[in-house]
Amino acid sequence: MAASEAAGRRFFRCACYCTENLFLSRYRLHVRFVGEQQLRQDYAQVGPRPLCGSSAEAERAGPGAQPPKILESRGCVTPEDFKEVLSELELEVQRRKQMIQKAEERKAIIAQLYKPVQPRVYTLREPFLAPEFVAAAKYSLTPNANLSGLLRYIEVISDEKKIYRLQIFTKDYCRMLLQELEHFEQSDMPKGRPNTMNNHGVLLHELGLDEPLVTPLREQYLQPLTALLYPDYGGGRLDSHRAFVVKYSLDGDVDLSYHYDNAEITLNISLGRQFAEGNLVFGDYYEVPKDEMSYLELPNLPTYGVLHRGGQLHGALPLESGERWNLIIWMRASVIRNLMCPMCKKPPQLVEDEGYGDGFTLEEGDPQTVGLCTLT
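Residues numbered from 1 in each chain as written. Predicted model: local features only at pLDDT ≥ 70, side-chain atom pairs only at ≥ 80, totals over all residues. Heavy atoms only, no water.

Here's the deal with the overall build of the protein
Note the threshold: Counting from the N terminus, the helices are DSSP H or I runs at least four residues long and the strands are E runs at least two residues long. Summary of the burial criterion: residues with accessible area below 20% of their type's maximum are buried, those above 50% are exposed, and those between are partly exposed, where the area comes from a 1.4 Å probe applied to protein chains only. Only heavy atoms matter for contacts: two residues are in contact if any of them lie within 4.5 Å across the pair. Under the convention used here, a 1.4 Å probe and the Shrake-Rupley method define accessible areas, while residue burial counts only the protein chains that appear.
Counting its regular elements, the protein contains eleven helices and 17 strands. A buried classification covers 54% of the 376 residues belonging to the protein. A separation threshold of at least 6 residues defines the contact pool for the protein, and within that pool the share at least 24 residues apart is 79%. Carbon and sulfur atoms make up 51% of the accessible area of the protein, which totals about 16900 Å².

Shown next as structure tokens:
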């Protein structure tokens, strides 16, 4: 852990990480999984089940919770199909339990053997940042800074949805960063995947870009903005993050299913490359919209970042040609998430983790950590 304000603090994960929001890519569905009987009852058997938003059980099912027989309606119609789903979920739970150990092993190998092709990108320098972004951050640190003044520097995409856009990096920096990411991708180094929805990309923590690049970006430049943009969502008290790069291409991940992030605030920066379509789409806050035509659609602009609340449901439409790389930073405020885990909608049950974990902290007077889903 290298963040200055987090020095000496321990961060944890919620035990629900091993049960909630497991993604079945074949059926484009997030599910809750604690065992075969529960899976059948919630997703593969006819019976009373509330619609999304009508009960806590529906919320625990994650983005897009559905009525009974949702698996059958999406093509899981034979015993063999269900057996494959069960096996996939069991493997994913096992992967999550072993995640810490595997990630540290990969990071150690990369640190020892990987030779960067663009070493300059590993240190954040102000010339790498777009002048308007620097100006916005500096304004936000002035004594009389306010939201209306900050919005002179930032494009408001949706005031209602609290979605904003501004240029973050220069074109030259994006070019160098992409060159480094491609060099790493083509190497024989071990690679972790960003998450269950994105199978192509780079975890910045493992590559060594987290502490020297993302931490100062969050602390020195992003938090002054988010303090004014998202005061009710922990924007002024961000103390951890998870950062990764995702790659979209016709022979890899083409699109991204509807979901919300495990974050208070998300920054999505389009790093570029030649591509067509693949626009971002935004819906409601934690609720699946009834009318799909009400989505807000937003094109990816290279070097520009989109700021939104982590709970804002969003996805990416199919890419039609080329490839696109996006840098995603999930920014977290323990003061907010310590009260309720955004994934299971309950007070977090803390389990040991490394680094920033999932942004939960154990403060004086809080319950002790639990032994559920010990990550080893």
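Quick notes on unusual backbone geometry
Here Asn-21, not a glycine, exhibits a phi torsion of approximately 55°, which is positive. The residue Asn-21 is located in the loop between strand S1 (11-14) and strand S2 (22-24) in this model. With relative accessibility at 8%, the residue Asn-21 sits in the buried group. Phi is positive for Thr-303, which is not a glycine, with a value near 80°. Here Thr-303 shows up in the loop between strand S12 (296-298) and strand S13 (304-309).

Some points on the environment of Glu-354
As for its placement among the helices and strands, Glu-354 is situated in the loop between strand S16 (350-351) and strand S17 (360-361). Given a relative accessible area of 25%, Glu-354 falls into the partly exposed group. Sequence separation of Glu-354 and Arg-10 is 344 residues, and the distance between their C-alpha atoms is 8.3 Å. Apart from the residues within four sequence positions on either side, Glu-354 is in contact with Ile-100, Glu-104 and His-205.

So, helix H8 (residues 171-186)
Here is the rule: Helix span, as expected, comes to 1.5 Å for every residue beyond the first.
With 16 residues, H8 should reach 22 Å at 1.5 Å per residue; the first-to-last C-alpha distance of 22 Å fits that figure. Taken residue by residue, H8 has Tyr-173, Cys-174, Met-176, Leu-177, Leu-178, Glu-180, Leu-181, Glu-182 and Phe-184 as its buried positions.

As for helix H6 (residues 131-140)
Listed in full, the buried residues belonging to H6 are Phe-133, Val-134, Ala-136, Ala-137, Tyr-139 and Ser-140. Contacts from the buried residues of H6 go to helix H7 (147-150), strand S5 (163-167) and helix H10 (210-229).

Points about the confidence of the model for the protein
Here is the rule: In predicted models, pLDDT denotes the confidence assigned by the predictor to each residue on a 0 to 100 scale.
Chain-level statistics for the protein give a pLDDT mean of 85 and a share of 85% at 70 or above. Of the regions scoring below 50 in pLDDT, residues 371-376 engages in 18 contacts with residues more than four places distant in sequence or in other chains.

Section: the pairing of S5
Worth spelling out the cut-off: Any two strands between which DSSP finds at least two bridges are classified as paired.
Burial runs high along S5: four of the five residues are buried. Note: strand S4 (residues 155-158) against S5, three bridges, orientation antiparallel. Counted as the bridge partner of Ser-158 is Ile-163 from S5. Hairpin geometry of S4 and S5 is characterised by an intervening segment of four residues between the two adjacent antiparallel strands and by a positive phi of about 60° at Lys-162. Across four bridges, the pairing between S5 and S13 is antiparallel. Across the sheet, the residue bridging to Arg-165 is Val-306, located in S13.

Some points on the pattern of salt bridges
Here is the rule we go by: Take a side-chain nitrogen of Lys or Arg and a carboxyl oxygen of Asp or Glu: if they are within 4 Å of each other, that pair is a salt bridge.
Tallying each qualifying case throughout the model produces 19 salt bridges. With a closest N to O distance of 3.0 Å, Arg-26 and Glu-84 form a salt bridge. Of this pair, Arg-26 sits in the loop between S2 and strand S3 (29-31) while Glu-84 is found in helix H4 (residues 79-97), placing the two residues 58 residues apart along the sequence. Where Arg-165 meets Glu-155, a salt bridge forms, and the shortest distance between an N and an O atom there is 3.1 Å. With Arg-165 in strand S5 and Glu-155 in strand S4, the pair connects residues that are ten residues apart, well separated along the chain. Using a relative accessible area of 37% as the deciding quantity, one classes Glu-155 as partly exposed.

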